[in-house]
Protein chains: 2
Amino acid sequence: MQDILFGFISKYVSLTDDEKNAILSLDIFRSVKKGTILLKEGQKTKDSYFVLKGCIRTYYDLDSEEKTTGFFTEMEALTPPCVINKTPSEYYISCIEDTILIISNSDMEAEVNSKFPKFETLCRILSEQLLAKQRIDFDEFKTSSPEQRYLNLIQKRPDLIQRVPQHQLASFLGIKPQSLSRLRARLVEKNKG
Amino acid sequence: MQDILFGFISKYVSLTDDEKNAILSLDIFRSVKKGTILLKEGQKTKDSYFVLKGCIRTYYDLDSEEKTTGFFTEMEALTPPCVINKTPSEYYISCIEDTILIISNSDMEAEVNSKFPKFETLCRILSEQLLAKQRIDFDEFKTSSPEQRYLNLIQKRPDLIQRVPQHQLASFLGIKPQSLSRLRARLVEKNKG
DNA sequence: TTCATTTCTTAACTTAAGTGAACGAGTTGT
DNA sequence: ACAACTCGTTCACTTAAGTTAAGAAATGAA
């Protein structure tokens, strides 16, 4: 489990044994069961999540309807905006599979950052990369139709199609479950004709 | 002009005079005319932009149609994904007004970051905040209709409605210019009846 | 100014997403 | 085993966005 973490980090910065031990001593690995809600709307938290295995999702409760906006799987990190803005959370985070997480809180990060500049470099690089990736995702979303988004998702994250319920995928694609159902039927029809 | 920059920075970290001078010595302020194209599709660059005054926009050329995905105005920063990924740019950046920019390149930033850890902290904080803000923007986009997005834009960035051409606003909202025109007419009609 | 181009709007028609309801399959809890 | 619930699909209908085309208004250049 540690190997997974340090393998990931080594792609960005190289850590000494001291630095690795400092991280391990923080006791940050957590196993959580499918269905666990990590964060609720209205709650405050300082916790960030890094998925080692499994899948978590973020969703809003608008007009008592669930709107899923994000899935985070192996090697993906999520720092909820409420941690940055120090406001109550606007959304829920739940585990849609049994999941192994790293949970770190912002106080802890601040301390490690000031003790180990290398760690701050890591955080900076990861934030910059995530920002770039997310900008591209957003641009693709804006410039394409629901059908194109779905086809795009099949290409880029085929695992999600398998492991995530349809109605959650639908709002992730910005449409209603019925529309996704219909859209899929339309595509099957196309591939036949 | 420098006051604007240091006033902005002082919200996040406090700089010594030495640090301020180090930044000024880099000669990073640029004035560019309306219509100037800062970056073209297919080009490589290491430059990031920070808008002191004016407005720049990012747009794709898809099927020889312009798709505008972002506007950056006073006190907003843009690091194109191509700088992070070291790939050719997928989009254009142009100035839609006479604009005063700070243009920094990633080599320069790397050098300043290693000399002044405080600067790296600043970059980390800004990236984290932008990431959080962008996540919320994306979520709002996904969970709302074109009409809601337009109303939302009127609330959050009323200046854009004034300073940006309709057809650019339309693709920013994820729709065609004709649809935005119709949508606006519909809203006027609603407010009458 | 005049001419050309771009931008915005309007309209008629097509296509697809939203809505509300119903149904069967699969799951959970008792 | 049964009831209650969730999930995915389908259908009929409504609403709004895409498409194509045309024309008015604004902008820019010769």
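Residues numbered from 1 in each chain as written. Chains lettered and ligands numbered in written order. Predicted model: local features only at pLDDT ≥ 70, side-chain atom pairs only at ≥ 80, totals over all residues. Heavy atoms only, no water.

S.K.: So, the overall build of chain A: which residues are in play, and what are the values?
M.R.: If you tally the helices and strands in chain A, you get nine helices and eight strands. By its C-alpha atoms, chain A is 60 × 35 × 30 Å across when sized along the principal axes. Relative to its full complement of 193 residues, chain A shows a buried share of 48%. Counted over contacts in chain A with a minimum sequence separation of 6, partners at least 24 positions apart contribute 70%. (Helix = DSSP H or I, 4+ residues; strand = E, 2+ residues; numbered from the N terminus. Buried < 20%, exposed > 50% of the residue type's maximum accessible area, 1.4 Å probe, protein only. Contact = heavy atoms within 4.5 Å.)

S.K.: Residue-level account of the environment of A:Lys53, with values.
M.R.: All names here are of chain A. Position of Lys-53 among the secondary structure elements: in strand 3 (residues 47-53). Through-space distance from the C-alpha of Lys-53 to that of Thr-36 is 15 Å; in sequence the pair is 17 residues apart. Aside from chain neighbours lying at most four places away, what touches Lys-53 is Glu-74, Asp-98, Thr-99 and Ile-100.

S.K.: An account of the interface of chain B and chain A is needed here, citing residue identities and associated values.
M.R.: A common way to express how large an interface is: the accessible area buried when the components associate. Tallying the contact residues gives 34 residues for chain B and 34 residues for chain A. Note on chain B versus chain A: buried area summed over both sides is about 3,400 Å², and carbon and sulfur give 60% of it. By the criterion of area lost to chain A, the three top residues of chain B are B:Gln134, B:Arg135 and B:Lys142, representing 20% of everything that side buries. Residue B:Glu120 is joined to A:Arg124 by a salt bridge in which the shortest nitrogen-to-oxygen separation is 2.2 Å. (Buried area = accessible area lost by both parts, 1.4 Å probe. Salt bridge = Lys/Arg side-chain N within 4 Å of Asp/Glu carboxyl O.)

S.K.: Could you give an account of the sheet that holds strand 7 (residues 92-95) of chain A, naming the residues involved and the relevant values?
M.R.: All names here are of chain A. One open sheet holds the four strands; their spatial order is 2-7-4-5, and the pairing between them is antiparallel. Strands at the two margins of the open sheet, each flanked by one partner only, are strand 2 (37-39) and strand 5 (65-72). Between one strand and the next, the sheet's axes are offset by a mean angle of 30°, whatever the strand orientation. (Pairing = 2+ DSSP bridges. Axes fitted to C-alpha atoms, helices over the stretch in contact; angles between N-to-C directions.)

S.K.: Give a description of the protein's contact with DNA strand C that names residues and reports values.
M.R.: Taken together, 14 residues sit near DNA strand C, with A:Ser179, A:Arg186, B:Gln166, B:His167 and B:Ser181 positioned nearest. The sugar-phosphate portion of DNA strand C accounts for 66% of its atoms within 4 Å of the protein, the bases making up the rest. At 3.2 Å, a backbone N or O of A:Lys176 approaches a phosphate oxygen of DNA strand C. For the surface near DNA strand C, the secondary structure elements donating two or more residues are helix 9 (177-192) of chain A together with helix 8 (166-172) and helix 9 (177-192) of chain B. In terms of residues, the surface near DNA strand C owes the most to one element, helix 9 of chain A, which gives four residues. (Near = heavy atom within 4 Å. Polar contact = N/O pair within 3.5 Å; in protein donor to acceptor, adjacent residues only side chain to side chain.)

S.K.: Can you explain the protein's contact with DNA strand D? Please cite residues and give values.
M.R.: Inspection of the region around DNA strand D gives 13 residues, with A:Gln166, A:His167, A:Ser181, B:Gln178 and B:Ser179 positioned closest. Each atom of DNA strand D within 4 Å of the protein belongs either to a base or to sugar and phosphate, the latter forming 64%. The set of elements that each furnish at least two residues to the surface near DNA strand D consists of helix 8 (166-172) and helix 9 of chain A together with helix 9 of chain B. Element by element, the count of residues in the surface near DNA strand D is highest for helix 9 of chain B, at four residues.

S.K.: Could you give an account of the pairing of strand 7 of chain A, with specific residues and numbers?
M.R.: Residues and elements named next belong to chain A. The alternating pattern of strand 7 places Tyr-92 and Ser-94 and Ile-93 and Cys-95 on opposite faces, both of which are buried. In this structure, strand 2 lies alongside strand 7, joined through two bridges in antiparallel fashion. Looking across to strand 7, one finds that Ile-37 is bridged to Ser-94. Note: strand 4 (residues 56-62) against strand 7, four bridges, orientation antiparallel.

S.K.: How would you sum up the sheet that holds strand 5 (residues 65-72) of chain B? Please name residues and give values.
M.R.: Residue and element names in this part refer to chain B. Spatial ordering of the open sheet is given by 2-7-4-5, a layout of four strands whose pairing is antiparallel. The two strands at the open ends of the sheet, each matched to only one other strand, are strand 2 (37-39) and strand 5. In this sheet, adjacent strand axes meet at a mean angle of 30° when their direction is disregarded. Examined bridge by bridge, strand 4 (residues 56-62) and strand 5 share seven bridges and lie antiparallel to one another. Its bridge partner lying in strand 5, Thr-58 is registered against Gly-70.

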